[in-house]
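Working through the structure, step by step
Residue strings, one per chain:
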Amino acid sequence: MTTKQLCKGLGLACILSIAMLVGVMKGYGQADTGSISGTVQDRSGGVIPGAKVTLTNVDTGLSMVRTTAGDGSYIFTPVEIGEYQVQATVKGFKTFLHTNVRVNIQQHVVVNFTLTPGMVTQTVTVTAPPSLLQTHTASLGEIVGTRSINDLPLNGRNYTFLAQLTPGAVSAYIHGSASSGVATGGFIANGMRYEQNNYMLDGLDNNNRMTGFGNQGQAYVTLPPVDAINEFKLQTNAYSAEFGRAAGAMMNATTKSGTNQFHGDLWEFVRNNKFDAADFFQNAAGIKIGKFQQNQYGGTIEI
């Protein structure tokens, strides 16, 4: 083999390796997104092929365009979580605009259009949000959004504790041992051990393969601040094959991303015995409340 042939062979191997790596990265990246699809038809129910469908992110202004197929269908995938507007236009019909279209983690949103004859310059706007019923999947789970994550009480500011609010999920308390993961938000879903849960963050594997006493049974690797979490979805049963690592629950979280405007906040979480009252038994025994003060300061900025 000549030097030239060897270089060609190595170059081809490098290209194939990079292509495989990019393919794998893309597959993981789609795990924390959703999709939007639907059908464009006229008032008689006839499908309209060749219609232009535009998807616009309300926060960033970014748009994607699709053309309906022969059966009048279209699909946008993957779609980042957020608020969207979907518009359909075709010659001879009024422009149709759907607003208030929300896409959550792993959610498939159906937005159908029924166009009426008229000028393209005329616009019909639908402000009612699409149906929340997910008929394309039988998976069981619950989505916890930013407001719930920030407003619900969390001891230690660990969002994984909120997984226990989902039906079928309970605390992983096992005789109070540190290795049970209780102190780090460990939970049991549908009777499976807490080590059998699958943690993902921004579409990437976030599982700790070495749970034990050294890390108090922590089943995840990275724990972002609560204020950095946009939302998470906990699926407890019948989730898709792409989440085939474990037999327990699937906890899929995504962090916040920037928009066209700067956003930020400053906060302080306070725990103080001055705000608490003694319980019945303390009052009966004349015991004063012990001193306890905890102040957590922080802030966030989205660009």
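Let me begin by describing the structure that accompanies this report. (Residues numbered from 1 in each chain as written. Predicted model: local features only at pLDDT ≥ 70, side-chain atom pairs only at ≥ 80, totals over all residues. Heavy atoms only, no water.)

Notes on the nonpolar core
The test is simple: The term nonpolar core refers to a set of buried residues drawn from Ala, Val, Leu, Ile, Met, Phe, Trp, Tyr and Cys, joined through side-chain atoms within 4.5 Å. Burial classes follow relative accessibility: with a 1.4 Å probe on protein chains only, a residue under 20% of its type's maximum area counts as buried, one over 50% as exposed, and anything between as partly exposed. Per the convention used, a helix needs a DSSP run of H or I reaching at least four residues, while a strand needs a run of E reaching at least two, with both numbered from the N terminus. Throughout, a contact is declared for two residues whenever any of their heavy atoms are within 4.5 Å.
Ranked by internal contacts, the top residues of the largest apolar core, which has 23 residues, are I149, Y159, F187, F232, L234 and M251. When residues of this core are traced back to their parent elements, those giving at least two are strand 12 (187–189), strand 13 (198–201), strand 15 (229–237) and strand 16 (250–255). Not counting residues within four places of it along the chain, the set of residues in contact with F232 comprises I105, E142, I143, V144, I149, Y159, L162, A163, M251, N252 and A253.

Let's talk about the environment of E80
Of note, E80 is situated in the loop between strand 4 (73–79) and strand 5 (82–89). When the C-alpha positions of E80 and N104 are compared, they lie 8.1 Å apart, and in sequence the two are 24 residues distant. Leave out the neighbours within four places in its chain, and E80 touches T33 and V103.

Brief notes about the pairing of strand 6 (residues 95–103)
Here is the rule: For two strands to count as paired, DSSP must find a minimum of two bridges between them.
Most of strand 6 is tucked away: seven of the nine residues are buried. One ladder, built from six bridges, connects strand 5 with strand 6; its direction is antiparallel. Counted as the bridge partner of E83 is R102 from strand 6. Adjacent in sequence and paired antiparallel, strand 5 and strand 6 are bridged by five residues, among which G92 carries a positive phi angle near 90 degrees. One ladder, built from four bridges, connects strand 6 with strand 9 (residues 123–126); its direction is parallel.

Let's talk about the pattern of salt bridges
Basically, it comes down to this: When a carboxyl oxygen of Asp or Glu is within 4 Å of a side-chain nitrogen of Lys or Arg, the pair counts as a salt bridge.
Tallied over the full model, the rule gives six salt bridges. E231 is the salt-bridge partner of R102, the closest N and O atoms lying 3.2 Å from each other. With R102 in strand 6 and E231 in strand 15, the pair connects residues that are 129 residues apart, well separated along the chain.

Regarding the sheet that holds strand 6
The criterion, for reference: All axes are obtained by fitting lines to C-alpha atoms, using only the stretch in contact for helices, and the reported angles, taken between N-to-C directions, cover 0 to 180 degrees.
Judged by pairing direction, the sheet is mixed, and its five strands sit side by side in the order 3-2-5-6-9 without closing on themselves. Each edge of the sheet is formed by a strand with only one pairing partner; in this case those strands are strand 3 (63–67) and strand 9. Pairwise comparison of adjacent strand axes, ignoring direction, gives a mean angle of 20 degrees for this sheet. Examined bridge by bridge, strand 2 (residues 52–57) and strand 3 share five bridges and lie antiparallel to one another. Bridged to K52 within strand 3 is T67.

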